[in-house]
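Residues per chain, in single letters:
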Amino acid sequence: MTTPSQASAPHAYPFKPENTKWGYGAIDIVVNIYTPEAIAENRIPTDANFIDKVRLNSAYSNGVTMEQYLEKMDRAGIERSLLIATRCGDLRVRGSTEIPYEWVAEICAKYPDRFSGLAGLDPTRGIAGLKELDVAVKQYGFVGAHFYPHWFDEAPDSAVWYPYYARCAELEIPIMMQVGHCLVYQKDRRLPNVGRPMTLDRVAMHFPELNLIGIHLGYPWTDEMISVCWKHPNVYMAGDAYAPKHWPPAVIHYANSYGQDKFLFGTDWKVIDPERAMSDIDNLNFREHSLRKILRDNALKL
């Protein structure tokens, strides 16, 4: 692919908030690149068994172009998506994959009003990884960082992540991480569950100026995730990777009431289809002011 500086001028996919039911566009904070190109280059960390488990529509089994995904966003009423330059495991180990920062940066440069980038983290890269994070934020304009504890068998409170927490605090960007259990992404490589939500407790105390977002609901420890959010002003949670129709009642109550300022919307596409997610949200009877915070305002604040 071309570098961001070589990318063509932005294409016209303007979002029209007047076409949505709410009069504003949602922000999806967790989106994976799932394009034919990424599939062809073996950059997708999940196999056919995983795809079957999450019930991905067979029409998308060969991936979707970013233009096709923009059309899905429009139909769903999503104005902006945060694209992850994912880093899934030590690249010296078979089955590990990554989406290069440059890929995400090029898409964001092409559609600056619709996409923003998230820098995936890999603690095996040492100081080089910190320098790459600097480039992602300062040169490419990425708005946050992201990591998968289970892909590296290192819990969120492990020392290997602390240099990244410190750098994100210095860069004044939020950092998100998968909390809860993980599925079997590849039949021949099973990963441990190391992301209990309570592992964010000590991190939040050590870095009070850093906003931490526990994605994937913390499932099945959703009450634990809510408790950490309630304890720490700098801890948030996101309702992604699980269709809103199946969010536990405690999550819906939290997001609709005393946690309305601490909950964010996401899909984790390709896991959840954005059109399905927004349709589900519409049927959950959220209060109007809570819904706007969940779908948009909290993401803008962070």
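These remarks concern the structure in this document. (Residues numbered from 1 in each chain as written. Predicted model: local features only at pLDDT ≥ 70, side-chain atom pairs only at ≥ 80, totals over all residues. Heavy atoms only, no water.)

### Description of the overall build of the chain
At step 1: Regarding its fold elements, the chain presents 11 helices and 10 strands.
At step 2: Taken over C-alpha atoms, the radius of gyration comes to 18 Å for the chain, in line with the 19 Å a tight globule of 302 residues would show.
At step 3: Based on the C-alpha atoms only, the size of the chain along its principal axes is roughly 45 × 45 × 40 Å.
At step 4: For the chain, the proportion of its 302 residues judged to be buried stands at 58%.
At step 5: Once local pairs closer than 6 in sequence are excluded, the contacts in the chain between residues at least 24 apart make up 78%.
At step 6: Working note: accessible area of the chain is about 13200 Å², and carbon and sulfur atoms make up 49% of it. (Helix = DSSP H or I, 4+ residues; strand = E, 2+ residues; numbered from the N terminus. Rg over C-alpha atoms; globule rule 2.2 N^0.38 Å. Buried < 20%, exposed > 50% of the residue type's maximum accessible area, 1.4 Å probe, protein only. Contact = heavy atoms within 4.5 Å. Areas by Shrake-Rupley, 256 points an atom, 1.4 Å probe, with all protein chains shown as cover.)

### Observations regarding the sheet that holds strand β2 (residues 78-85)
At step 1: The parallel open sheet is built from eight strands, whose spatial order is β1-β2-β5-β6-β7-β8-β9-β10. On the outer flanks of this sheet lie β1 (26-32) and β10 (263-265), each paired with one strand and no other. On average, each strand axis in the sheet is tilted by 30 degrees relative to the strand beside it, whichever way the strands run.
At step 2: Pairing of strand β9 (residues 235-239) with β10, which is carried by three bridges, proceeds in the parallel orientation. Considered in β10, the bridge of G239 is made with F265.
At step 3: The sheet strands contacting helix α3 (residues 66-76) are β1, β2 and β5 (115-120), and the helix crosses β2 at an angle near 140 degrees.
At step 4: Each of β1, β2 and β10 is contacted by helix α10 (residues 274-282), which is oriented at about 130 degrees to β10, the strand it contacts most. (Pairing = 2+ DSSP bridges. Axes fitted to C-alpha atoms, helices over the stretch in contact; angles between N-to-C directions.)

### Section: the environment of E224
At step 1: Mapped onto the elements, E224 comes out in helix α8 (residues 222-231).
At step 2: By relative accessible area, which is 16% here, E224 ends up buried.
At step 3: Residues in contact with E224, not counting those within four places in the same chain, are R196, P197 and M198.
At step 4: At a separation of 2.6 Å, a polar atom in the side chain of E224 contacts the side chain of R196. (Polar contact = N/O pair within 3.5 Å; in protein donor to acceptor, adjacent residues only side chain to side chain.)

### Things to note about the packing of α8 against helix α9 (residues 249-256)
At step 1: Put simply, α8 and α9 touch, their axes get as near as 9 Å, and they point 25 degrees apart. Taken together, the axis directions place α8 and α9 in an arrangement best described as roughly parallel. Judged by the sense of rotation from one axis to the other, the crossing of α8 with α9 is left-handed. Of the residues in α9, those touching α8 at T222, D223, I226, C229 and W230 are A250, V251 and Y254.
At step 2: Per-class residue counts for the contact of α8 with α9 are six nonpolar, one polar and one charged. (Parallel < 35°, antiparallel > 145°, perpendicular 65-115°, else oblique. Left-handed = near helix turned anticlockwise from the far one by under 90°. Nonpolar A, V, L, I, M, F, W, Y, C, P; charged D, E, K, R; others polar.)

### Side note on the pattern of salt bridges
At step 1: Throughout the structure, instances matching the rule amount to 21 salt bridges.
At step 2: Taking the shortest distance from any N to any O, the salt bridge between E132 and R125 comes out at 3.7 Å.
At step 3: The closest approach of N and O atoms between R167 and D134, which form a salt bridge, is 2.7 Å. Here D134 lies in helix α5 (residues 126-138) and R167 lies in helix α6 (residues 162-171), a separation of 33 residues in the sequence.
At step 4: Three or more residues joined by partner-sharing salt bridges are found here, namely R87, E98, D122, R125 and E132. (Salt bridge = Lys/Arg side-chain N within 4 Å of Asp/Glu carboxyl O.)

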